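# Topology and contacts: notes
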Amino acid sequence: MTDRLQRFSQKYAHICSLSSIGQSVEGRELWVMRITTNQTADEPGKPRFKYVGNIHGDEALSRQLSVYLIEYLLTQYGRDVRVTELVDRTDIYIMASMNPDGSERAVEGDCSGSSEGRENAKHYDLDKSFSDRDESFSKTSEDLPEVTAVMKWILEKKFVLSGSLHGGSVMATYPFDDGSSYATAELTADEAVFRHLAQTYTENHPIMRMDNPDCPDVPDKNLGDGIDMLTWAYHSTDTLAVNIGLSCELLPPEELLSEYWEKNYGALLHFIQQVHLFVRGMVTDGHSGKGIANATVVVEGSSHYVHTSSTGQYWRPLAPGSYHITASAPGYTPISASVRVLETRVEQVDFKLTRGTLSVEEGEQKDFEKLVEWLLAPGELDQLVRSLLPAQTLRYRTYRERSEFLRGLTLNFPRITRLYRYVVLKMCLYFLANTANHLIKVPLLCLFEYYLSCSVSCSCM
Ligand SMILES: [Zn+2]
């Protein structure tokens, strides 16, 4: 597979690039093929999409169809109108195998679900091993380097929409659709869009459209103590992700591969096209007109929120209906808007935010003193935290929310702040002011310790 991907990346270098986001337990590269025009720039107007295959190493079909899809997109670009348009307008990432160690151990023609090669080399089910809470999670990144790499990748790329490709079933599923105890009120705004996305796949698949065939259960030997990728992505990242089951067989014989490709490729392409529907827009600074990076966009009734790109753009998949959307950024006053989403239209909703009481125009030292003064005033820090964290309910703040808070400040006060250490999978963040004056550095640091501890205890929010 590595050779094949490398050959593609050389032959079609104008529209693709191959890179590794990390290594498996046994040192195999975790390859990702990026397919889009203009590889060098983060082009405005292009939403990011990803497919991840072979999360379970024995589900070889998901790996094989991912490679076929890469080949199809590359060879049909410039020939097929639909493919050309997709590659021109979308930043597509395909990881054909998240579990290369497991897939080496899997056995061809195994339809019985013996599950050899299902887990990674340390015998963990990668799809059950996601977590953003260090304290309740016993595994280390040495046990799960694949998960660590994928989490970091997803957090960094902020994909708008994702599909996880599996075997052992022929259906599309989404977080909480099994009626589990996680299915709480927080899904109210998003259940409809998940149902819509799952249906999109189903309706474009010749088998799923007719019927959902029952597949034999795949034995789950080693359940991880984490959560699955979809649930983690929904709570902790910008990505809405759907699981797609491609076949009952996990590792079908080679002669059946083209048949499976024929059944699935239309639905795979159609699912990517969904990233262009729904709500999109710009969050800009009302004074300068520049896009605000990393601003938060929240839909009322949903705990899933998205962030703007480096150019201030955002995308938010939503099912047809009426919504109340709020955009906020650290140091700015939040703004809300009502939007009606129709089935076949893209809704453009832009937000122009204005600065709060703090100005960064008056020179570095003054800015810094003002920031400290502002944060030290009674109630100001709480207000800042509230303006940044949109949900008004009293609850624990996640690691991600705390990280976004610090990152937001560094983005909006770049001249006077510096994120000294940012460790994606550890609960330790240090925020130091970039100033010669040590007397001022201390209270700022204390304030952030105060913020972090209060966000854990909830007593002051
Ligand atoms: Zn699977």
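So, a few notes on the structure that sits alongside this text. (Residues numbered from 1 in each chain as written. Predicted model: local features only at pLDDT ≥ 70, side-chain atom pairs only at ≥ 80, totals over all residues. Heavy atoms only, no water.)

## A few points about the side chain of histidine 166
Test applied: Working definition: helices are DSSP H or I runs of at least four residues, strands are E runs of at least two. Numbering for both runs from the N terminus. Within 3.5 Å is the distance limit for a polar contact, defined as a pair of N or O atoms, with the added protein rule that one can donate a hydrogen and the other accept it, and that residues adjacent in sequence qualify only through two side-chain atoms. Here, residues are in contact when the closest pair of their heavy atoms is within 4.5 Å.
Checked against the element boundaries, histidine 166 lands in strand β5 (residues 161-166). Among the polar contacts listed, one links the side chain of histidine 166 to the side chain of glutamate 59, at a separation of 3.2 Å. Discounting residues that sit within four places of it in the chain, histidine 166 has contacts with Ile55, His56, Glu59, Ser62, Asp127, Asn243, Ile244, Gly245, Leu246 and Ser247.

## Side note on helix α5 (residues 145-157)
What counts, and what does not: By this rule, a helix spans an expected 1.5 Å times one less than how many residues it contains. For the exposure calls, accessible area comes from a 1.4 Å probe over protein chains only, and a residue counts as buried if that area is under 20% of its type's maximum, exposed if over 50%, partly exposed in between.
Look at α5: 18 Å from first C-alpha to last across 13 residues, which is about the 18 Å you get at 1.5 Å a residue. Among the 13 residues that make up α5, 10 are buried, leaving the element largely enclosed by the rest of the structure. All of the buried residues in α5 are Pro145, Glu146, Val147, Thr148, Ala149, Val150, Met151, Trp153, Ile154 and Lys157. Once α5 finishes, lysine 158 follows within two positions and takes phi at roughly 50 degrees, a positive value.

## So, the packing of aromatic side chains
Each aromatic ring pair is characterised by the separation of its centres together with the angle its planes make. Spelled out, the test is: In summary, the pairing rule links any two rings of Phe, Tyr or Trp, Trp by its six-membered ring, whose centres are within 6.5 Å, and it sorts them by plane angle into stacked for under 30 degrees, edge-to-face for over 60 and tilted for everything else. A ring has a charge above it when a Lys NZ or an Arg CZ is no more than 6 Å from the ring centre and no more than 35 degrees off the ring normal.
Taken as a whole, this structure holds 15 aromatic pairs when the rule is applied. Centre to centre, the rings of tryptophan 153 and phenylalanine 159 are 5.0 Å apart; their planes meet at 70 degrees, and the pair counts as edge-to-face. Of the two residues, tryptophan 153 and phenylalanine 159, neither departs from the other in class, the shared state being buried. Considering the side-chain rings of tyrosine 314 and phenylalanine 351, the 6.2 Å spacing of their centres and the 45 degrees angle between planes classify their relative orientation as tilted. Residue tyrosine 314 is located in strand β11 (residues 313-316), and its partner phenylalanine 351 is located in strand β16 (residues 351-355); the two are separated by 37 residues in the primary sequence. Of the two residues, tyrosine 314 and phenylalanine 351, both sit in the buried class. Among the aromatic residues, those joined into a cluster by ring pairs are Phe49, Tyr51, Tyr201 and Phe271. Here the basic side chain of lysine 263 rests over the ring of tyrosine 260, its NZ or CZ set 5.3 Å away from the ring centre.

## Digging into the packing of helix α3 (residues 81-89) against helix α9 (residues 257-273)
Which entries qualify depends on this criterion: Whenever a helix is involved, its axis is fitted only over the stretch in contact; in every case the axis is a line through C-alpha atoms, and angles between N-to-C directions fall within 0 to 180 degrees. Angle categories are assigned with fixed cut-offs, so that under 35 degrees is roughly parallel, over 145 is roughly antiparallel, 65 to 115 is roughly perpendicular, and the rest are oblique. By definition, turning the near helix anticlockwise from the far helix through less than a right angle yields a left-handed crossing, and turning it clockwise yields a right-handed one.
Contact pair α3 / α9: the axes reach a minimum separation of 11 Å and the direction vectors enclose 40 degrees. Relative to α9, the element α3 lies oblique. The hand of the α3/α9 crossing is left-handed. Note on element contacts: α9 touches α3 through Gly266, Leu269, His270, Ile272 and Gln273, opposite Arg82, Val83 and Leu86.

## Description of the pattern of salt bridges
To be explicit about the condition: Salt bridges are identified by distance alone: a Lys or Arg side-chain nitrogen within 4 Å of an Asp or Glu carboxyl oxygen.
Following the criterion strictly, the structure yields 12 salt bridges and no others. Measuring nitrogen to oxygen at the nearest pair gives 3.2 Å for the salt bridge that ties arginine 89 to glutamate 85. With arginine 89 and glutamate 85 both in helix α3 and 4 residues apart, this pair spans about one turn of that helix. The exposure class assigned to arginine 89 is partly exposed, which follows from its relative accessible area of 37%. Between lysine 128 and aspartate 125 there is a salt bridge, with the nearest N and O atoms lying 3.7 Å from each other. Taking the relative accessible area as the measure of exposure, lysine 128 reaches 24% and is therefore partly exposed. Judged by its relative accessible area of 1%, aspartate 125 falls in the buried class. The network of salt bridges with shared partners includes Glu26, Arg28 and Asp101.

## Here's the deal with the coordination of the zinc ion
Rules: Atoms of type N, O and S within 2.8 Å of a metal are treated as its donors, and for Na, K and Ca the window is 3.2 Å; water is not considered, so some sites may appear to be missing partners. Only two sets of limits are used to name each site, 85 to 135 degrees for every angle of a tetrahedral four-donor site, and over 155 degrees for opposite donors with all other angles from 65 to 115 for a square planar four-donor or octahedral six-donor site, with any other site named irregular.
The protein atoms that coordinate the zinc ion are His56 (ND1), Glu59 (OE), Glu59 (OE) and His166 (ND1), at distances spanning 1.9 to 2.4 Å. Metal-centred angles of 57 to 150 degrees between the 4 donor atoms at the zinc ion mark the site as irregular. Mapped onto the sequence, the residues coordinating the zinc ion show the spacing H-x2-E-x106-H. With a gap of 107 residues between them, glutamate 59 in the loop between β3 (48-52) and α2 (60-76) and histidine 166 in strand β5 connect regions that are remote in the sequence.

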